[in-house]
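Descriptive analysis of the structure
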Amino acid sequence: MSQWEIRMSGSRGVAYFYNPATKASVWETPDGLTEEEVKKLPGAELLTRPVKVRASHLLVKHSGSRNPSSWRQAKITCSKAEAIETLRKYQSQINGSHERFAELAKEYSDCSSARMGGDLGVFGSGQMQKPFENAAFALKIGEMSDIVETESGVHLILRTE
Ligand SMILES: Cn1nc(-c2ccccc2)cc1C(=O)N[C@H](Cc1nc2ccccc2[nH]1)C(=O)O
């Protein structure tokens, strides 16, 4: 069976099957493919990708951030390495606690969502910077990311829905 792969339809945000050899695109599982075989196809993770997620984050900006200013500090001058070191410190203090995450985000996040304990609300694909979106969409509900870098700075993400 020529190799199928799974892709995401840009317009519908729904995964489909594509066969590069025949250029066939189908919405339903191609005949002859078992569930086990589908799970092993390239792009299989797209089949279980949520359409929308809700997440909170703790952002530490640095001098190279797209907008090196925040409610906490008018002119942010720390280096990216120092920002990562700071975030590692928060990460160890959070230590998996959702309550501590919200407390530290409220006090230390350089995002204006700090006032919401870092809660960004619900968002779909295409709304956040891609590294952030990909990390958030790959998390299970209740799971925290490791450090994620975007043009805004460095983040810890907690998926809540
Ligand atoms: C995407 N977003 N939502 C809020 C927000 C949400 C709820 C309540 C108040 C603010 C702020 C922002 C935002 O872009 N904030 C930026 C920083 C930032 N950059 C991000 C990149 C990805 C995800 C969240 C991010 N937040 C800022 O304050 O400079």
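A quick note: this is a predicted structure, and the numbers were derived from the prediction, not measured.

The full count for this structure, using the stated rule, is four aromatic pairs. Relative to Trp 27, the ring of Tyr 16 lies with its centre 5.8 Å away and its plane at 70°, an arrangement referred to as edge-to-face. Taken together, the residues span a long stretch of sequence, with Tyr 16 in strand E2 (residues 15-19) and Trp 27 in the loop between strand E3 (24-26) and helix H1 (35-39) at a distance of 11 residues. Clustering of aromatic rings is evident, with ring pairs tying together Phe 123, Phe 132 and Phe 137.

Now for the site of the ligand. Residues in contact with the ligand amount to 16 residues; listed here are only the nearest, His 57, Lys 61, Cys 111, Ser 112 and Ser 152. Here Lys 61 contributes a side-chain N or O atom positioned 2.8 Å from an oxygen atom of the ligand. A distance of 3.2 Å is found between an oxygen atom of the ligand and a backbone nitrogen or oxygen belonging to Ser 112. When the ligand sits alone it has 580 Å² of accessible area, and the protein chains cover 71% of it. More than half of the atoms belonging to the ligand lie within 2 Å of the grid points that define the second largest pocket. Of all elements in the fold, only strand E4 (52-60) and strand E5 (119-124) reach the threshold of two or more residues within the shell around the ligand. In terms of residue class, the shell around the ligand is built from six nonpolar, seven polar and three charged.

Despite not being glycine, Lys 23 shows a phi value in the positive range, around 65°. Within the secondary structure, Lys 23 sits in the loop between E2 and E3. Take Lys 23: its relative accessible area is 62%, and that puts it in the exposed class. Unlike most non-glycine residues, Asn 95 shows phi in positive territory, near 45°. Note that Asn 95 resides in the loop between helix H2 (80-94) and helix H3 (98-108).

Thresholds, definitions, all that
- Residues numbered from 1 in each chain as written.
- Predicted model: local features only at pLDDT ≥ 70, side-chain atom pairs only at ≥ 80, totals over all residues.
- Heavy atoms only, no water.
- Phe/Tyr/Trp six-rings, centres within 6.5 Å; stacked < 30°, edge-to-face > 60°.
- Helix = DSSP H or I, 4+ residues; strand = E, 2+ residues; numbered from the N terminus.
- Near = heavy atom within 4 Å.
- Polar contact = N/O pair within 3.5 Å; in protein donor to acceptor, adjacent residues only side chain to side chain.
- Areas by Shrake-Rupley, 256 points an atom, 1.4 Å probe, with all protein chains shown as cover.
- 1 Å grid on protein atoms, 1.4 Å probe; cavity = no way out; pocket = protein on both sides within 12 Å on 5 of 7 lines; lining within 4 Å.
- Sits in = over half its atoms within 2 Å of the grid points.
- Nonpolar A, V, L, I, M, F, W, Y, C, P; charged D, E, K, R; others polar.
- Buried < 20%, exposed > 50% of the residue type's maximum accessible area, 1.4 Å probe, protein only.

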